[in-house]
Amino acid sequence: MTVNTLALISTLGRRGGDRSGLGILVIALLTVLLTVAILVSIVIGPTGVGVPHLIAYLAGDHTAMDPQNLVILEAVRLPRTGMGLLIGAALGVSGAMMQGLFRNPLADPGIVGVTSGAALAAVIAIVLGPTLLFPLQAFFGEQFLPLMAFFGGLGNTLLLYAIATRNGQTSTTALILSGIAIAAMTGAATGLLIFIADVRALGDITFWSLGSLGGATTANIGAILPFVLFVLAIIPFVARGLDALILGDAAAFHMGVPVQRLKRLTILAVAAACGATVAAAGSIGFIGIVVPHLLRLAIGPSHRFLLPASALGGAALLLLADTVARTIAAPAELPIGIITAILGAPVFLMLLLGRQGRQATEGL
């Protein structure tokens, strides 16, 4: 959906007052868009895997295409599409949860330290893996970098949460300010490691930091699947609480919402899901900010509709961006983070300069 389409839907929703019907409509449209994005992701490419071939394959006829294209479909296209589907959904819904938790539509998962922690741990693995950490690298093999990134993101988040929690109460302001400080420190450490890295490591760091689905395998999908399913599964349990938090912590508590439990569950779920996705595909920006923000303008702040819509929209956007990344300069492949930045940065600036964006930044 284009920005103009979302603006039109938003206007219709304001005229009607109740946006429940609008929320259902947008989710239905996003489901159709995601279906199209999945088909495009699978069939578009330099090999002859067309829609008829895919339909025949799904029907159980594996003789409809030549063996080489069949291998490409099973080993490359399907895992890559599955990985993009999971990562996009995780980033979209995580961004919506963070924006609801911090009551700020410009927040994103990076605010709780996932991105900076995962980046530092990944750079440590790339730079020091062949030397100081070689025993660990040899033991874990190809899973060494993803594991380091995952535990780096999760560890950073747990540290931030411990700093911001006093007497069982988590301060949102302390969490944000601590996140800024720790992100600066991890950024400095990352820069130092990049400074001492050799040419080979610099190439790996650059490509990983911009994100790519090129390393998608069924094993990687299986590794991140539980974390993504977890963050999606808690949607029905956190939606009402996030709606109540719009009125503030005290008001939500008096409405019967277990505020601290809600914060812990949301932060840990987002940290685990985004840490896993960063570990699998590197840093992919803007999806967690732009998709939930645009959808909030269209269907309102109700997380009952906003969270599933953000998952669908994030998955569709990432799959389409990945299709562009691997075809626009074929046979070379652009890092997907470049495409999402080109698409997301102008929209983000437009939102930031708009009336609601200015109101959002007043709370930072």
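Conventions and cut-offs
- Residues numbered from 1 in each chain as written.
- Predicted model: local features only at pLDDT ≥ 70, side-chain atom pairs only at ≥ 80, totals over all residues.
- Heavy atoms only, no water.
- Helix = DSSP H or I, 4+ residues; strand = E, 2+ residues; numbered from the N terminus.
- Rg over C-alpha atoms; globule rule 2.2 N^0.38 Å.
- Buried < 20%, exposed > 50% of the residue type's maximum accessible area, 1.4 Å probe, protein only.
- Contact = heavy atoms within 4.5 Å.
- Areas by Shrake-Rupley, 256 points an atom, 1.4 Å probe, with all protein chains shown as cover.
- pLDDT = per-residue confidence, 0-100.
- Phe/Tyr/Trp six-rings, centres within 6.5 Å; stacked < 30°, edge-to-face > 60°.
- Axes fitted to C-alpha atoms, helices over the stretch in contact; angles between N-to-C directions.
- Left-handed = near helix turned anticlockwise from the far one by under 90°.
- Nonpolar A, V, L, I, M, F, W, Y, C, P; charged D, E, K, R; others polar.
- Core = buried A, V, L, I, M, F, W, Y, C linked by side-chain atoms within 4.5 Å.
- Parallel < 35°, antiparallel > 145°, perpendicular 65-115°, else oblique.
- Expected span 1.5 Å × (residues − 1).
- Salt bridge = Lys/Arg side-chain N within 4 Å of Asp/Glu carboxyl O.

**A word on the overall build of the chain**
So, step 1. A tally of regular secondary structure across the chain gives 17 helices and 2 strands.
So, step 2. On C-alpha atoms alone, the chain measures out to a radius of gyration of 21 Å, which is about the 21 Å that the 2.2 N^0.38 rule sets for 364 residues.
So, step 3. Classification of the 364 residues of the chain by burial places 49% in the buried group.
So, step 4. A separation threshold of at least 6 residues defines the contact pool for the chain, and within that pool the share at least 24 residues apart is 75%.
So, step 5. Accessible area for the chain stands at about 16400 Å²; split by element, carbon and sulfur atoms hold 72% of it.

**Looking at the confidence of the model for the chain**
So, step 1. With 91% of its residues at a pLDDT of at least 70, the chain reaches an overall mean of 83.
So, step 2. Put simply, helix α1 (residues 3–16) is where the chain has its lowest mean pLDDT, 46, and helix α15 (residues 303–327) is where it has its highest, 94.
So, step 3. Across residues 5–16 the pLDDT falls below 50, and counting only partners more than four positions away or on other chains, this stretch makes 15 contacts in the model.

**Quick notes on the packing of aromatic side chains**
So, step 1. Enumeration over the complete set of coordinates arrives at 3 aromatic pairs.
So, step 2. Between the aromatic rings of Phe150 and Phe151, the centroid separation amounts to 5.0 Å while the plane-to-plane angle is 65°, which identifies the pairing as edge-to-face.
So, step 3. Note on Phe150: relative accessible area 11%, which makes it buried.
So, step 4. By relative accessible area, Phe151 is classed as exposed at 52%.
So, step 5. For the ring pair Phe150 and Phe227, a centre distance of 4.9 Å and an interplane angle of 50° mean the geometry is tilted.

**Things to note about the packing of helix α10 (residues 218–233) against helix α13 (residues 259–281)**
So, step 1. Close contact between α10 and α13 brings their axes to 9 Å; oriented N to C, the two are set at 145°. Judged by the twist between their axes, the crossing of α10 over α13 is left-handed. Residue-level contacts link Ile224, Phe227, Val228, Phe230 and Val231 of α10 to Leu265, Ala269, Val270, Ala272, Ala273, Ala276, Thr277 and Ala280 of α13.
So, step 2. For the contact of α10 with α13, the residue count by class is 12 nonpolar, 1 polar and no charged.

**Considering the nonpolar core**
So, step 1. Counting residues in each nonpolar core, the largest one holds 81 residues, and the members touching the most others are Ile87, Met97, Phe102 and Leu307.
So, step 2. Not counting residues up to four positions away in its chain, the partners in contact with Leu307 are Val93, Ala96, Met97, Ile235, Val238, Ala239 and Leu242.

**Examining the packing of helix α2 (residues 20–43) against helix α4 (residues 67–101)**
So, step 1. At a closest axis distance of 9 Å, the pairing of α2 and α4 adopts a crossing angle of 150°. Here α2 is positioned roughly antiparallel relative to α4, judged by the angle of their axes. In this structure, α2 meets α4 at a crossing whose hand is right-handed. Of α4, the residues touching α2 (which contributes Leu34, Ile38, Ser41, Ile42 and Val43) are Leu73, Arg77, Leu78, Thr81 and Leu85.

**Overview of α15**
Since the α-helix turns once every 3.6 residues, residues separated by three or four places project in the same direction.
So, step 1. In this model α15 runs 35 Å from its N-terminal to its C-terminal C-alpha over 25 residues, within 8% of the 36 Å that 1.5 Å per residue would give.
So, step 2. Among the 25 residues that make up α15, 19 are buried, leaving the element largely enclosed by the rest of the structure.

**Side note on the environment of Ala298**
So, step 1. Locating Ala298 in the fold gives a position in helix α14 (residues 287–299).
So, step 2. For Ala298, a relative accessible area of 0% corresponds to the buried category.

**A look at the pattern of salt bridges**
So, step 1. Evaluated as defined, the whole model comprises 5 salt bridges.
So, step 2. Between Asp322 and Arg80 there is a salt bridge; the shortest N-O distance is 2.8 Å. Linking Asp322 in helix α15 with Arg80 in helix α4, this pair joins segments that are 242 residues apart in sequence. There is no split in this pair, since Asp322 and Arg80 are both buried.
So, step 3. Residue Asp322 pairs with Arg326 through a salt bridge whose shortest N-O separation is 3.6 Å. Within this pair, Asp322 and its partner Arg326 are both found in helix α15, separated by 4 residues, close to a single helical turn. Here the two residues Asp322 and Arg326 agree in accessibility, since each one is buried.
So, step 4. The structure contains a network of salt bridges with shared partners spanning Arg80, Asp322, Arg326 and Glu333.

**Observations concerning the side chain of Ser283**
So, step 1. With respect to the helices, strands and loops of the structure, Ser283 is situated in the loop between α13 and α14.
So, step 2. Aside from chain neighbours lying at most four places away, what touches Ser283 is Thr115, Trp208, Ser209, Leu210, Gly211 and Val278.

**With respect to the environment of Phe139**
So, step 1. Structurally, the position occupied by Phe139 is in helix α6 (residues 134–140).
So, step 2. Remark: the alpha-carbon pair of Phe139 and Ala75, spanning 64 residues in sequence, is separated by 25 Å.

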